[in-house]
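Here's the letter readout for the chains.
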Amino acid sequence: MDSISAQPIYQRILLKLSGEALQGDHLFGINAGKLTKVSQEIASVVKMGVQVALVIGGGNLIRGADLCATGLDRVTADHMGMLATVINGLALLDALDRKGIPASLMSALSIPGLVDFYDRRKAKEELEKGKVVIFVAGTGSPLVTTDSAAALRGIEVGADIVIKATKVDGVFAADPIKNPKAERYDSLTYDEVLEQRLGVMDLNAILLCREHGLPLRVFNMSKQGALQRIVVGDNVGTLIQSGD
């Protein structure tokens, strides 16, 4: 069956993007071409009738670990990172708007006049109306990653799956950049991820997904059409779910 003409198997997805997805070839910032490409991929699945919630990181603008290495307080660094995700969210909101895709931005931090404060009920209502809902500022708490925010928001809005975009084609037994012959897994259980310390997402995110039976798929979003293929059920990347 042609993936593009197939019907989606998911009604609502939570897409997790790193800030680096917008970065391009430079070490810092937002690349216009990458922003356009990411928004096109999102728009393509919205047009298929899939409800898209999205959590984005801020590593293309601020890396908390690097700041801490210079002596900056960890909590302060994390707050700066949260604000970086707001900047990325505003960029995505604008890119989707220019494509005629309705979207809204919700922040875990209160920033009146710029971003709506996160409201679970309103988020679900917006999704049901066909709007892309972009969640920024993580969970609003320091010491918590945007991976955990993705798992949490996915559970809260009732997503069918969390889909995590990475730079590689799924989950591998070793770093595929350092070892091109590393085995890629088609599927894993959450327990296998934990036991093998595969580093798919942080520990808290994995535990949240496992506890709530929320599947996770890891894939390379730089490949055109990959997100569309996932939502119609193609075996792209690595699927992680409970072993029951």
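By convention here, each chain's residues receive numbers from 1 onward along its written sequence. Only residues with pLDDT of at least 70 get local features here, since the model is predicted, and only at 80 or more are side-chain atom pairs given and counted; chain-wide, interface and lining totals rely on the full set of residues. Heavy atoms throughout the structure, all of them, feed into the side-chain values; hydrogens and water do not.

Further remarks concern the pairing of strand β3 (residues 103-107). Throughout this description, buried means an accessible area under 20% of the type-specific maximum (1.4 Å probe, protein chains only), exposed means over 50%, and partly exposed covers the range between. Each helix corresponds to a stretch of at least 4 residues labelled H or I by DSSP, and each strand to a stretch of at least 2 residues labelled E; elements are numbered beginning at the N terminus. Taking burial as the measure, the five residues of β3 include five buried ones, the bulk of the element. Here the rule is simple: two strands pair whenever DSSP picks up at least two bridges between them. Bridging between β3 and strand β5 (residues 132-136) involves five bridges; their strand directions are parallel. Its bridge partner being in β5, Leu105 is matched across the sheet by Ile134. Pairing analysis gives two bridges linking β3 to strand β4 (residues 116-117), with the strands arranged parallel. Directly across from Met106, in β4, lies its bridge partner Asp116.

Tracing the chain through its elements places Asp78 in helix α3 (residues 74-98). Only heavy atoms enter the contact rule, under which two residues are in contact if any of them lie within 4.5 Å. If we skip the residues at most four places from it in the chain, Asp78 touches Pro142, Leu143 and Val144.

Only residues whose relative accessible area exceeds 30% and that take part in no salt bridge are eligible for patches, with like-charged residues grouped when within 9 Å of each other and nonpolar side chains (Val, Leu, Ile, Met, Phe, Trp, Tyr) grouped when within 5 Å. Accessible areas in this description were obtained via Shrake-Rupley with a 1.4 Å probe; residue shielding takes into account the shown protein chains only. Whenever a carboxyl oxygen of Asp or Glu lies within 4 Å of a side-chain nitrogen of Lys or Arg, that contact is scored as a salt bridge. The grouping of Val75, Leu143 and Val144 at the surface amounts to a nonpolar patch, some 230 Å² of accessible area in total. Mapping Val144 onto the fold places it in the loop between β5 and α5 (146-156).

This brings us to the packing of aromatic side chains. Put simply, two rings from Phe, Tyr or Trp (the six-membered ring, in Trp's case) pair if the centres are within 6.5 Å, and we call them stacked under 30 degrees between planes, edge-to-face over 60, tilted for the rest. Following the criterion strictly, the structure yields one aromatic pair and no others. Measuring from centroid to centroid gives 5.5 Å for Tyr118 and Phe135, while their planes differ by 85°, and the two rings are edge-to-face. You can see Tyr118 sitting in the loop between β4 and α4 (120-128) and its partner Phe135 sitting in strand β5, a full 17 residues away along the chain. Residue Tyr118 shares its accessibility class with Phe135, and that shared class is buried.

The strand order β4-β3-β5-β2-β1-β6-β10-β11-β9 describes an open sheet built from nine strands, whose pairing is mixed. Strand pairing shows two members of the sheet lacking a second neighbour, β4 and β9 (187-189), which therefore form its edges. Pairing analysis gives four bridges linking strand β1 (residues 12-17) to strand β6 (residues 161-166), with the strands arranged parallel. Along β6, the bridge assignment pairs Ile13 with Ile161. The strands touched by α3 are β1, β2 (51-56), β3 and β5; relative to β5, the strand with the most contacts, the crossing angle is about 165°. Axis definition: a line fitted to C-alpha atoms, over the contacting stretch in the case of helices. Angles run 0 to 180 degrees between N-to-C directions.

When α4 is considered as a whole, its buried residues turn out to be Ala123, Glu126 and Leu127. Looking straight down α4, one finds that the buried residues subtend no more than 100° of arc, so they occupy a single side. Seen from the buried face of α4, the exposed residues on the opposite side, beyond 90 degrees, are Arg121 and Glu128. Contact partners of the buried residues in α4: β1, β2, β3 and β5. Each polar contact in these results corresponds to two N or O atoms within 3.5 Å; when the atoms are within protein, one needs to be able to donate a hydrogen and the other to accept it, and residues that are neighboring in sequence are counted only if both atoms are side-chain atoms. Looking at where α4 begins, the residue whose side-chain oxygen comes 3.0 Å from the main-chain nitrogen of Arg121 is Asp119. Phi for Gly130, located one or two positions after α4, is positive at around 95°. The directions considered for the arc are those from the helix axis to the C-beta atoms.

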